[in-house]
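Single-letter residue listing:
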Amino acid sequence: MNTTAQTPLWEVFIRPRNGLAHRHCGSLHAADATLALQAARDVYTRREEGNSIWVIPSSQIVASDPQDKEALFDPAGDKIYRHPTFYDIPDDVGHM
Amino acid sequence: MYSQGLNDKNLETAETPEFLAAFQARIDADEKIEPNDPMPEAYRKTLIRQIGQHAHSEIVGMLPEANWITRAPTLRRKTALLAKVQDEGGHGLYLYSAAETLGVSREQMTEELLSGKAKYSSIFNYPTVSWADMGAIGWLVDGAAIMNQVPLCRCSYGPYARAMIRVCKEESFHQRQGYELMISLCMGAPAQKDMAQDALNRWWWPSLMMFGPPDGDSLHSDQSAAWKIKRFTNDELRQKFIDATVKQAEHLGLTVPDPDLVWNEAKNNGNGGYDFGEIDWNDFWKVVKGHGPMNKDRIAARTRAWEEGAWVREAALAYAEKQKHHTAQQAQG
Ligand SMILES: [Fe+2]
Ligand SMILES: [Fe+2]
């Protein structure tokens, strides 16, 4: 079989409409940025799913390690005083 | 169902019982597993195989319908068929991407499809001999696919579940356009109605086989159920499909080609369901093992596409390389 060098992987982000953030929707293979954009348009926006596309080489993404999940995120767990419901406001004060 | 071939070897793991128990606890708590999370090797391998087979099925599944695009009788039908086949290509790509998050490359998966090592759904190894087959495939084959894919949206592996949500959103039009096509044939001339009946006769049994072997013969089912990869058994899904589809056939005025098909009040915990005739599993295994009417043609078509596309992939990569070099030189000044 005819094997070629691996075509790079890209992550695709789509903005559904103005006012919303670009959101990760999947990935695809493409040789360069132009082809990645074209492929993203064909693969991920066949039904008007967006009005703007970002493509980013997957290799450029720096991700936190799942092994560090507890060290990174557990400390926020007991900081209930960061939430509005931690504070008691009498009902007759009204909505705050 | 697109992973019907999933019942060969037993997978072994070297993981400690504590590790496996902790993993199972996450699954039991309905947590999603994401790409870099620790997972048992057998879980990873099962998913690579299942998602890979599913992706291959979408891609090979483009071929039987592509066969009729140029001969669609109206522009309306042609645009629908084109859009459907394009969607199936998209489904294949979403699924390949999901499989790749587990550490297998696209090239490797393609190689396994072309060498025959990886399987795809047996349904795509039957020929599409008449225009009515476009109706029967949308109605029955996509209908069966939907039955199977909806529960996969809740699969424990995040990227697979997310891909399936996208796929399911797109599938509904596939089934509806097929059924609509059947309606027009059934309301047409007697010859058109005969065509529709003939298509139902040929696609009915292969569609039931899409759900895979009976539960007793399906070795992987228990483990896949425990891992929440598979939420219903093959037989449960098959029954659901039959119960939903018989009414639709009656509405068309067509006869389901099963003399043993009979309503049984007691089925489905008293809610009623159809008893149905014996499925020819020998025929199923023959097709899965590569001896269906179209196995050779399907792989030949995919091999040709891969080989004839090689120069495009190479040229695109060479151009990208050159551009990178160019930009680097300009930056130097
Ligand atoms: Fe599909
Ligand atoms: Fe489909």
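The rules we used
- Residues numbered from 1 in each chain as written.
- Chains lettered and ligands numbered in written order.
- Predicted model: local features only at pLDDT ≥ 70, side-chain atom pairs only at ≥ 80, totals over all residues.
- Heavy atoms only, no water.
- Helix = DSSP H or I, 4+ residues; strand = E, 2+ residues; numbered from the N terminus.
- Rg over C-alpha atoms; globule rule 2.2 N^0.38 Å.
- Buried < 20%, exposed > 50% of the residue type's maximum accessible area, 1.4 Å probe, protein only.
- Contact = heavy atoms within 4.5 Å.
- Areas by Shrake-Rupley, 256 points an atom, 1.4 Å probe, with all protein chains shown as cover.
- Lys, Arg positive; Asp, Glu negative; His and termini not counted.
- Charge placed at Lys NZ, Arg CZ, Asp CG, Glu CD.
- Axes fitted to C-alpha atoms, helices over the stretch in contact; angles between N-to-C directions.
- Parallel < 35°, antiparallel > 145°, perpendicular 65-115°, else oblique.
- Left-handed = near helix turned anticlockwise from the far one by under 90°.
- Phe/Tyr/Trp six-rings, centres within 6.5 Å; stacked < 30°, edge-to-face > 60°.
- Donors = N, O, S within 2.8 Å, 3.2 Å for Na, K, Ca; no water.
- Tetrahedral: all angles 85-135°; square planar, octahedral: opposite > 155°, others 65-115°.
- Buried area = accessible area lost by both parts, 1.4 Å probe.
- Salt bridge = Lys/Arg side-chain N within 4 Å of Asp/Glu carboxyl O.
- Polar contact = N/O pair within 3.5 Å; in protein donor to acceptor, adjacent residues only side chain to side chain.
- Nonpolar A, V, L, I, M, F, W, Y, C, P; charged D, E, K, R; others polar.

Engineer: Honestly, the overall build of chain B in this entry has me stumped. Any pointers?
Structural biologist: Looking only at helices and strands, one finds 14 helices and two strands in chain B. By the compact-globule yardstick of 20 Å for 333 residues, chain B fits well, its C-alpha radius of gyration being 22 Å. Taken along its principal axes, the extent of the C-alpha atoms in chain B is 75 × 55 × 35 Å. For chain B, the residues scored as buried account for 53% of the 333 residues in total. Sequence-distant contacts, at least 24 apart, represent 79% of the contacts inside chain B between residues at least 6 apart. Looking at chain B as shown, the accessible area adds up to about 15500 Å², and 56% of this sits on carbon and sulfur atoms. Side chains of chain B carry 37 positive and 44 negative charges; the gap between the two charge centres is 5 Å.

Engineer: What exactly am I supposed to notice about the packing of helix 4 (residues 75-100) of chain B against helix 7 (residues 158-186) of chain B here?
Structural biologist: Working note: a packed helix pair is described by the angle between its axes plus the distance between those axes. Residue and element names in this part refer to chain B. It is at 10 Å that the axes of helix 4 and helix 7 come closest, and there the two elements cross at 160°. The pairing of helix 4 with helix 7 is recorded here as roughly antiparallel in orientation. Note that helix 4 runs across helix 7; the crossing there is left-handed.

Engineer: I'm lost on the packing of aromatic side chains in this one. Help?
Structural biologist: When we look at a pair of aromatic rings, we describe it by the centre distance and by the angle of the planes. All names here are of chain B. For the structure on display, the rule yields 14 aromatic pairs over all chains. Ring geometry for Phe23 versus Tyr43: centroids 4.9 Å apart, planes at 70°, classification edge-to-face. Of this pair, Phe23 sits in helix 1 (residues 17-28) while Tyr43 sits in helix 2 (residues 41-60), and the two are 20 residues apart along the sequence. Taking 5.2 Å as the distance between ring centres and 85° as the angle between the ring planes, the aromatic pair formed by Trp281 and Phe284 counts as edge-to-face. Residue Trp281 and its partner Phe284 are located together in helix 12 (residues 281-291), separated by three residues, close to a single helical turn. With a relative accessible area of 16%, Trp281 lands in the buried category. Among the residues examined, Phe284 registers a relative accessible area of 0% and is labelled buried.

Engineer: Please explain the coordination of the iron ion (ligand 1) as it appears in this structure.
Structural biologist: Around a metal, the idealised angle for a tetrahedral arrangement of four donor atoms is 109.5 degrees; for an octahedral arrangement of six donor atoms it is 90 or 180 degrees. Coordination of the iron ion (ligand 1) by the protein involves Glu58 of chain B (OE), Glu88 of chain B (OE), His91 of chain B (ND1) and Glu171 of chain B (OE), with metal-donor separations of 2.1 to 2.4 Å. Here the iron ion (ligand 1) is ringed by four donor atoms whose angles at the metal span 84 to 155°, and the overall shape comes out irregular.

Engineer: Honestly, the interface of chain A and chain B in this entry has me stumped. Any pointers?
Structural biologist: Interface extent is often summarised as the accessible area lost during association of the parts. On the side of chain B, 26 residues touch chain A, which itself brings 22 residues to the contact. A combined buried area of about 2200 Å² lies between chain A and chain B, and 54% of that area is made up of carbon and sulfur atoms. One can count five salt bridges joining chain A with chain B. Between Arg46 of chain A and Asp87 of chain B there is a salt bridge, and its shortest N-O distance comes to 2.8 Å. Inspection of the region where chain A meets chain B yields nine residue pairs in polar contact (both at pLDDT 80 or more). If you list the elements that add at least two residues to the side of chain A that touches chain B, you get strand 2 (23-29) and helix 1 (33-44) of chain A. Ranked by residues supplied to the side of chain A that touches chain B, first place goes to strand 2 of chain A with four residues.

Engineer: Could you clarify how one ought to interpret the coordination of the iron ion (ligand 2) in this entry?
Structural biologist: Residue and element names in this part refer to chain B. Around the iron ion (ligand 2), the protein supplies Glu88 (OE), Asp142 (OD), Glu171 (OE) and His174 (ND1) as donor atoms, at distances of 2.0 to 2.3 Å. Here the iron ion (ligand 2) is ringed by four donor atoms whose angles at the metal span 84 to 170°, and the overall shape comes out irregular. For the iron ion (ligand 2), the single-chain donor residues occur in sequence as E-x53-D-x28-E-x2-H. Separating the iron ion (ligand 2) from the iron ion (ligand 1) is a gap of 3.4 Å, bridged by Glu88, which donates to each. Of this pair, Asp142 sits in helix 6 (residues 132-152) while His174 sits in helix 7; the two residues are 32 residues apart in sequence, bridging distant segments of the chain. The pair formed by Asp142 and His174 is uniform in burial state, with each residue classed as buried.

Engineer: Even after reading the chapter, I still don't get the environment of Gly138 of chain B, so can you show me in this structure?
Structural biologist: Tracing the chain through its elements places Gly138 of chain B in helix 6. Measuring from C-alpha to C-alpha, the distance between Gly138 of chain B and Met182 of chain B comes to 9.4 Å, with 44 residues separating the pair along the chain.

Engineer: Looking at this structure, I do not really get the side chain of Asp133 of chain B. What am I missing?
Structural biologist: All names here are of chain B. Position of Asp133 relative to the elements: it lies in helix 6. Within polar-contact distance, the side chain of Asp133 engages the side chain of Arg202 at 2.7 Å. Dropping the residues within four chain positions of it, Asp133 is found in contact with Pro127, Thr128, Ala199, Arg202 and Trp203.

Engineer: Explain the packing of helix 6 of chain B against helix 10 (residues 234-252) of chain B to me, please; I cannot follow it from the model alone.
Structural biologist: All names here are of chain B. One way to put it is that helix 6 packs onto helix 10 with a least axis distance of 10 Å and a crossing angle of 145°. Between helix 6 and helix 10 lies a crossing of right-handed hand. Of the residues in helix 10, those touching helix 6 at Trp139, Leu140, Gly143, Ala144, Met147, Asn148 and Pro151 are Leu237, Lys240, Phe241, Ala244, Thr245, Gln248, Ala249 and Leu252. Looking at the contact of helix 6 with helix 10 residue by residue, the class counts come to ten nonpolar, four polar and one charged.

Engineer: Explain the pattern of salt bridges to me, please; I cannot follow it from the model alone.
Structural biologist: Pairing between side chains of opposite charge can happen when their charged atoms approach one another. Enumeration over the complete set of coordinates arrives at 26 salt bridges over all chains. Between Asp42 of chain A and Arg41 of chain A there is a salt bridge; the shortest N-O distance is 2.5 Å. Owing to a relative accessible area of 35%, Asp42 of chain A belongs among the partly exposed residues under this scheme. Here the salt bridges share partners, and the residues they tie into one network are Arg46 and Arg47 of chain A together with Asp87 and Glu170 of chain B.

Engineer: How do you make sense of the environment of Cys186 of chain B when you look at a structure like this?
Structural biologist: Relative to the helices and strands, Cys186 of chain B is located in helix 7. C-alpha of Cys186 of chain B to C-alpha of Glu250 of chain B: the two residues are 64 residues apart in sequence and 11 Å apart in space.

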